[in-house]
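What the coordinates show
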Amino acid sequence: NIETTMTTITRAKEIALLNGLSEEEVLDRAGEHLIVMNDLDELHRFFADGMCEQILSNRAAGRDTAWILPFGPVGQYPYFIERVNRERIPLGNVRFYFMDEYCDENGREVPQDHPLSFRGKLHAMFSRIDRALLPDLSNVLFPDSGNIGELKERLATEHLCVTYGGVGIHGHLAFNEPEPGVRNSDPRVVRVNYTVTINAIREGIGGNLENFPRKALTLGMNQLFAAEKMIIFCRNGVSSIDWANTVLRLALFGTPGDDYPVTYLKQHPDWLVVTDRETLKTPILI
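Predicted model, so just to flag it, every value in this text is computed and none were measured.

On to the sheet that holds strand S4 (residues 100-103). The three strands are arranged S4-S8-S7 in an open sheet whose pairing can be described as antiparallel. Each end of this open sheet is capped by a strand with a single partner; those strands are S4 and strand S7 (188-191). On average, adjacent strands in this sheet sit at an angle of 30° to one another, irrespective of strand direction. Taken together, the four bridges between S7 and strand S8 (residues 215-218) define a ladder with antiparallel strand orientation.

Right under this line is the structure:
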């Protein structure tokens, strides 16, 4: 019994066992907690359609919509914006809480015109939404030096429909990287460790590690887990680099632990992982 075995072995051996599962075994064991898309485009469309459908459903029931959202993955936002404009979906009753933002050594968020600023990129995307449909900008929040001390209390009063998120190579959710007690974390400034290298090779900066931001403002795991539902998107996203195949299996089956924060996902009462066929594949070398 693999579940019994994994409670008594090291993480390295657990990962070896999980990576040895066939694609069919992963699908069978995960059941309703896993959805597999054909490719990244289908995954991004699924994300965008889910957002739109929830807004429409909540509006029909006379409810507001409040989410926690990532700025990674981002491929869903163009599809979301296109459908909002095409179907005239008003966003006035939607509150967007984004997970994180880079900051300097003093905890001050990078300027919006910084090439790595999540805020800057998001606002550039949202500028394509018809003005009549736009949300109030006070309802589009990123953690920053001015609100980081207030977000815990503000989010505690929200009815959060969904936490949407991506997952990093070391299982981080938002910028909650491995650290003791990470499951009980709240909004704070963190030092970015495991994420820097992989981000530096895919952000168009040529692997410039020395000048990459080494701190970030982030929501804590307590806030992410406070939503009614958690939907985590786990995909390689970079052609020919199979970095997410292992963390997908850990998210689904790994023993909960601070070394891979996403392993706590299974403690949420309503959770789902969405991936694509490439990321589901069994690694060539185990």
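Moving on to the pairing of strand S2 (residues 65-69). With five of five residues buried, S2 is to be regarded as a mostly interior element. Burial of the side chains of S2 extends over both faces: Thr65, Trp67 and Leu69 are buried on one face and Ala66 and Ile68 on the other. Between the parallel elements S2 and strand S3 (residues 94-98), the chain passes through helix H5 (residues 76-87) in a crossover that is right-handed. The pairing of S2 with strand S6 (residues 162-166) spans two bridges and is classified as parallel. Its bridge partner lying in S6, tryptophan 67 is registered against valine 162.

Take the environment of alanine 60 next. Mapped onto the secondary structure, alanine 60 falls in helix H4 (residues 40-60). According to the relative accessible area criterion, alanine 60 is exposed, its value standing at 72%. On a C-alpha basis, the gap between alanine 60 and glycine 165 in space is 26 Å, while along the polypeptide they are 105 residues apart.

We now examine the packing of helix H2 (residues 11-19) against helix H10 (residues 245-253). Following both chains from N to C, one finds H2 and H10 inclined at 100°, their axes separated by 10 Å at the closest point. What the angle tells us is that H2 and H10 run roughly perpendicular. Along its contact with H2, which presents Arg11, Glu14, Ile15, Leu18 and Asn19, the element H10 presents Asn245, Thr246, Arg249, Leu250 and Phe253. Grouping the constituent residues of the contact of H2 with H10 by class yields four nonpolar, three polar and three charged.

Looking now at the sheet that holds S6. Two pairing modes exist for strands in a sheet, parallel and antiparallel, and in both the strands are linked by backbone hydrogen bonds. Taken together, seven strands build an open sheet; the order of strands is S1-S10-S9-S6-S2-S3-S5 and the sheet is parallel. If you trace the sheet from one side to the other, it starts and ends with strand S1 (34-37) and strand S5 (140-141), each paired once.

Rules of the game
- For every chain, the first residue of the written sequence is number 1, and numbering continues from 1 onward in sequence order.
- Since the coordinates come from a predicted model, pLDDT governs what is reported: local features require at least 70, and pairs of side-chain atoms require 80 or more to be given and counted, while whole-chain, interface and lining totals use all residues.
- Side-chain metrics rest on all non-hydrogen atoms present in the structure, leaving aside hydrogens and water.
- Pairing between strands is defined by DSSP: at least two bridges between them are needed.
- Secondary structure follows DSSP: runs of H or I at least 4 residues long count as helices, runs of E at least 2 residues long count as strands, and numbering of each begins at the N terminus.
- Lines fitted to C-alpha atoms define the axes here, with helix axes fitted over just the stretch in contact, and angles between the N-to-C directions of these axes take values from 0 to 180 degrees.
- We call a residue buried when its accessible area falls under 20% of the maximum for its residue type, exposed when it is over 50%, and partly exposed in between, using a 1.4 Å probe and counting protein chains only.
- Seen with its strands pointing away from the viewer, a crossover is right-handed when the path leading from the first strand over the helix to the second is clockwise.
- When an angle is under 35 degrees it counts as roughly parallel; over 145 it counts as roughly antiparallel; between 65 and 115 it counts as roughly perpendicular; any other value is oblique.
- Whether two residues touch is decided by their heavy atoms; if any such pair falls within 4.5 Å, the residues are in contact.
- Under this grouping Gly is polar, as are all residues other than the nonpolar Ala, Val, Leu, Ile, Met, Phe, Trp, Tyr, Cys and Pro and the charged Asp, Glu, Lys and Arg.

Honestly, that's just the spatial picture; any functional story needs more than this.
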